[in-house]
Amino acid sequence: MTDMFRLDGKVAVVTGGGRGIGVMMARGLLQAGAKVYLSSRKEAELASATAELSSLGPVEAVPADLGTAEGVQTLTAALTDREDAVHALFNNAGSNWGAPFDEFPESAFDRVFDVNVKGVFLLTRALVPLLTAGSTDDDPARVVNTGSIDGYFTPEKGRDNFSYAASKAAVHMLTKHLATELAPRILVNAIAPGLFESRMTKVLLAPGADAVGRALPLGRIGAPEDMAGIAVFLAARASSYITGAVIPVDGGVSTIR
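Procedures and definitions
- Residues numbered from 1 in each chain as written.
- Predicted model: local features only at pLDDT ≥ 70, side-chain atom pairs only at ≥ 80, totals over all residues.
- Heavy atoms only, no water.
- UniProt positions renumbered as here; feature names shortened; annotations may be inferred.
- Phe/Tyr/Trp six-rings, centres within 6.5 Å; stacked < 30°, edge-to-face > 60°.
- Helix = DSSP H or I, 4+ residues; strand = E, 2+ residues; numbered from the N terminus.
- Buried < 20%, exposed > 50% of the residue type's maximum accessible area, 1.4 Å probe, protein only.
- Core = buried A, V, L, I, M, F, W, Y, C linked by side-chain atoms within 4.5 Å.
- Pairing = 2+ DSSP bridges.

As recorded in an unreviewed UniProt entry, the protein chain goes by the name SDR family oxidoreductase, listed as coming from [Mycobacterium] manitobense. UniProt, in its Sequence similarities (unreviewed entry) section for the protein chain, records the words "Belongs to the short-chain dehydrogenases/reductases (SDR) family."

Novice: Got a minute to help me understand the packing of aromatic side chains in this structure?
Specialist: Centre-to-centre distance and the angle between the planes together describe a pair of aromatic rings. What the rule picks out here adds up to 6 aromatic pairs. Centre to centre, the rings of F101 and F162 are 5.9 Å apart; their planes meet at 65°, and the pair counts as edge-to-face. Remark: F162 occurs in helix α5 (residues 162–182) and F101 occurs in the loop between β4 (88–91) and α4 (106–133); sequence separation between them is 61 residues. On the accessibility criterion, F101 (63% relative accessible area) is exposed.

Novice: Looking at this structure, how should I read the nonpolar core?
Specialist: Burial of nonpolar side chains together is a common tendency in soluble globular proteins. Counting residues in each nonpolar core, the largest one holds 31 residues, and the members touching the most others are L7, L29, V36, L38, F90, I191 and M227. Of all the secondary-structure elements, those providing two or more residues to this core are β1 (11–15), α1 (20–31), β2 (35–39), α2 (43–53), β4 and α7 (224–235). At 7 residues, the largest contribution of residues to this core is made by α1. Listed in part, the 27 residues of the second largest apolar core include Y37, L123, V171 and A179.

Novice: Can you walk me through the pairing of strand β6 (residues 186–193) in this structure?
Specialist: One face of the sheet, then the other: side chains in a regular strand alternate in exactly this way. Where burial is concerned, most of β6 is hidden: 8 out of the 8 residues are buried. Both faces of β6 are covered, namely the face carrying I186, V188, A190 and A192 and the face carrying L187, N189, I191 and P193. In terms of strand pairing, strand β5 (residues 141–146) meets β6 through 6 bridges, oriented parallel. The residue of β6 that forms the bridge with N145 is A190. Sheet topology places β6 next to strand β7 (residues 246–249); 4 bridges connect them, and they run parallel. Across the sheet, the residue bridging to A192 is P248, located in β7.

Shown next as structure tokens:
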């Protein structure tokens, strides 16, 4: 049964891999035996992440702005030059914006949707040849998109993340649409994280992670191992009969909202 969760010999790509949830995912994938490529806009963050993770297994970085067609092309070309196949793509790159309703800028919708939605579509489409090469009948290739519980429910008044919440709802629907389009050779699922420590949740966790966590059904915020575990499961043979799913990883918040 342990072999069902091993990723030896597989190649995984994690976008938004320079920090936060991307690093949590990459850590689990490396520990399970995969070779991992990290990509994000910020070279310094990528350098720090690869240095942190390199002791766990082979990890490489490819800087690219995945909210642009040029960035998608840069990452696709680098992967095509270095690998014959990709077995799992984690579309985790994300952008957020907060501003009051009356002041929310048009540019905030453009940037957030470019990264969170359009980039997911364009990169997935660009990597279909490599993903198809990594697919087998009993273990298809995987695409795993990072959604959010904010894409499930109406955010509380005052959250002011209008473009972010809307974009994550779009990611959930895009996941289901891609799942039907790419089956059976490529499985497409989404993770909908709740509260994990990251730059994006810094304001929400300002009262303290322990204090905020006590208000959740499971009594804590997410730990890095929680994200690593779901990432490994969705990349491994153990999940080979799942596609089109949006899986909350939220400490039970989705059961009470």
